[in-house]
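# Descriptive structure summary
So you can see what is in the structure, the chains are spelled out below.
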Amino acid sequence: MHDASTILADPNDFGNKPGDGPLRKGGTSVSAIPVGDGNRPDTRSEASKSQQFATKMCRDLFGGNMKVRAMGQTYLPRAPGETPDDYRARLNRSVFFNAFRQSVVGLTGLIYRRAPVLNDDVPPVIAGTKTEQGHWANIDMAGTSGSVFAKRVTEDAETVGHTCILVEMPQKREGATREDEARPYWVEVQKDDILSWRTANLDGATVLTQVVIERRTTIPNGMFGEGVQQSYLVIRRDLAFNTDEARKPDDPIQGSVTWQLLGITKANSVVVLDAGTYFNQTEIPLSEITTSGHVSMLVSEPPLIDVAFLNIGHYQMDSDLKTSIHKTCVPILVLSGVDTPRNTDGSDGPAIVAGPNTVFTLKNPAAKAYYASHSGNSIAEVQDALETQKTEMGTLGLSMLAPQKRSAETAEAKRLDKSQSDSALAATAQGVEDGINRALQFHANYLGLETGGTVSINRDFEGLLMAANVMEAYVSLREVGFPARIVLKALKEGGRIPLDEDLNILEAEMEANRIAEMEARALASAALASEGNDDAEVD
């Protein structure tokens with residue numbers, strides 16, 4: 001019999017799954033193991049914990065006004081002396097200007113203004129052919145194309161710092177035909193769902209040897225209700241090099257990658273819900289999509305964290321402004337020298353009602369009734385401060401989010417400043433490209449292919465799209481004899497021709513069209529000349 005820590009560290013020493021009958025010899029029932037915090041699969045590592053605050057904040061801000069407002073005092077603190085009712089009214093008046101999400105979406109859009117291009121080394125079964133769609137056309141087995149999937153994971157990574165792609169492969173069913181054969185598919189694993197991981201140094205490289213992923217599955221509850229079931233996917237990579245003589249029948253294959261789906265019962269026991277092996281894989285098939293906020297394996301900072309903090313400050317200041325405007329627009333009735341009505345027993349009398357249908361009768365000649373209102377002298381200053389913060393958020397995120405006063409700057413200074421922003425964005429684009437290439441290789445491993453090929457992600461963020469008048473000018477140059485190749489290359493670089501378009505084919509088509517047009521003109525001229533000769537003979 002082994003202790004709990006030994007059993008949990010070695011998945012192959014478990015007994016059968018609950019309900020599967022007697023334990024195998026030497027096995028121990030998982031459901032009977034009392035577990036401590038260190039042996040619970042839901043234990044979050046310190047590295048994961050340290051990233052939770054920034055991750056949750058960025059997700060909340062990305063969620064928009066409804067999410068931020070629902071968080072209440074987390075992002076809009078209650079002022080000293082402010083009653084709950086007054087705070088609730090102020091909260092409901094406050095509107096979150098979501099510069100953070102605009103920055104994330106805008107930066108992602110810059111990368112994907114040109115779709116990812118599968119290079120020629122991607123196998124046809126993945127890339128597809130002219131007559132058949134490949135796996136890339138439905139990369140997640142839910143109808144999502146690889147390009148859309150890539151944009152989605154990039155946006156998520158840009159929001160929180162990184163995300164991951166888990167390349168899965170369902171088990172083949174007995175008796176399945178070739179058309180029914182299981183095929184690999186991709187699943188996004190978000191940063192928040194990775195609870196812990198372990199690494200090892202293998203030939204100087206840091207490799208992942210264990211990772212725990214939290215999964216939440218919607219399950220039926222009664223006839224129409226729903227519930228959420230939590231489970232924990234534990235993936236382990238075996239680095240042991242067992243000889244055939246030393247290897248036991250139940251030991252993992254050399255270099256194999258195994259998985260277990262674990263659950264935790266109400267009795268605080270760990271149970272194995274399912275288990276298996278990632279065949280043809282020698283590494284955990286989890287590919288990290290990194291950004292410019294990358295720190296180390298599965299550790300990152302949100303690239304736009306400074307924009308997030310400024311956005312929260314803008315939200316709080318905007319709330320103050322709206323409260324000041326509200327108070328300015330609602331004057332307060334002031335009664336001076338007016339006795340409060342009293343009953344004969346000395347208690348407070350009926351309340352004084354102020355409104356368009358009431359009249360005050362002031363018996364005291366010195367009494368006054370007037371409205372007092374907030375002067376609003378500071379409102380303009382607060383509005384200026386808000387505009388300044390918008391500009392600062394635009395400077396930190398995308399330059400197009402807010403107008404920047406740069407009239408005194410030279411064109412070179414503007415270009416250099418933009419290139420610095422692009423360098424961070426280029427790091428994200430490179431991280432996305434590397435992550436997708438790695439996922440393609442895991443995909444190919446399942447299929448028994450030597451390579452999964454590579455993809456090209458756009459990293460040209462300066463010349464967005466060629467202006468229409470510039471495009472017309474190039475076309476005019478071609479009409480007067482300018483080389484077709486130079487025109488086509490310029491149009492391609494300007495985004496007017498898709499990156500995956502073959503310029504050789506286009507050039508050949510243009511030349512064929514040019515020759516056909518010349519021949520048509522020659523025939524037309526000959527026909528006109530013939531008609532002219534006929535007319536002359538008639539005369």
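Our subject in this report is the structure included herewith.

Scoring rules and cut-offs
Residues numbered from 1 in each chain as written. Predicted model: local features only at pLDDT ≥ 70, side-chain atom pairs only at ≥ 80, totals over all residues. Heavy atoms only, no water. Helix = DSSP H or I, 4+ residues; strand = E, 2+ residues; numbered from the N terminus. Buried < 20%, exposed > 50% of the residue type's maximum accessible area, 1.4 Å probe, protein only. Contact = heavy atoms within 4.5 Å. Core = buried A, V, L, I, M, F, W, Y, C linked by side-chain atoms within 4.5 Å. Pairing = 2+ DSSP bridges. Axes fitted to C-alpha atoms, helices over the stretch in contact; angles between N-to-C directions.

## Brief notes about unusual backbone geometry
- Phi at M141 is positive, roughly 60°, even though this residue is not glycine.
- Backbone geometry places L298, a non-glycine residue, at a positive phi of 60°.
- As for its placement among the helices and strands, L298 is situated in the loop between β10 (294-296) and β11 (299-300).
- Since its relative accessible area comes to 3%, L298 is described here as buried.

## Description of the environment of L118
- Among the secondary structure elements, L118 is positioned in strand β1 (residues 117-118).
- Sequence-wise, L118 and V455 are 337 residues apart; in three dimensions their C-alpha atoms are separated by 4.5 Å.
- Ignoring any residue separated from it by four or fewer positions in sequence, one finds L118 in contact with A127, W136, T454 and V455.

## Points about the nonpolar core
- Membership of the largest hydrophobic core comes to 65 residues, with the highest contact counts inside it found for W186, V211, I235, L286 and I436.
- For this core, the element with the most residues is helix α10 (residues 411-446), which contributes eight residues.
- Look past the residues within four positions of I436 in its chain and what remains in contact with it is W136, A150, W186, I289, V455 and I457.
- Listed in part, the seven residues of the second largest apolar core include Y232, L262, V270 and V272.

## Considering the sheet that holds strand β6 (residues 225-237)
- With antiparallel pairing, five strands are arranged side by side in an open sheet as β4-β5-β6-β7-β8. Whereas interior strands pair on both sides, the edge strands pair on one side only; in this sheet they are β4 (194-202) and β8 (270-277). Each strand axis lies, on average, 25° off the axis of its neighbour in the sheet, ignoring direction.
- Where β6 meets strand β7 (residues 257-264), six bridges bridge the pair, whose relative direction is antiparallel. Note that in β7 the partner of I235 across the bridge is W259.

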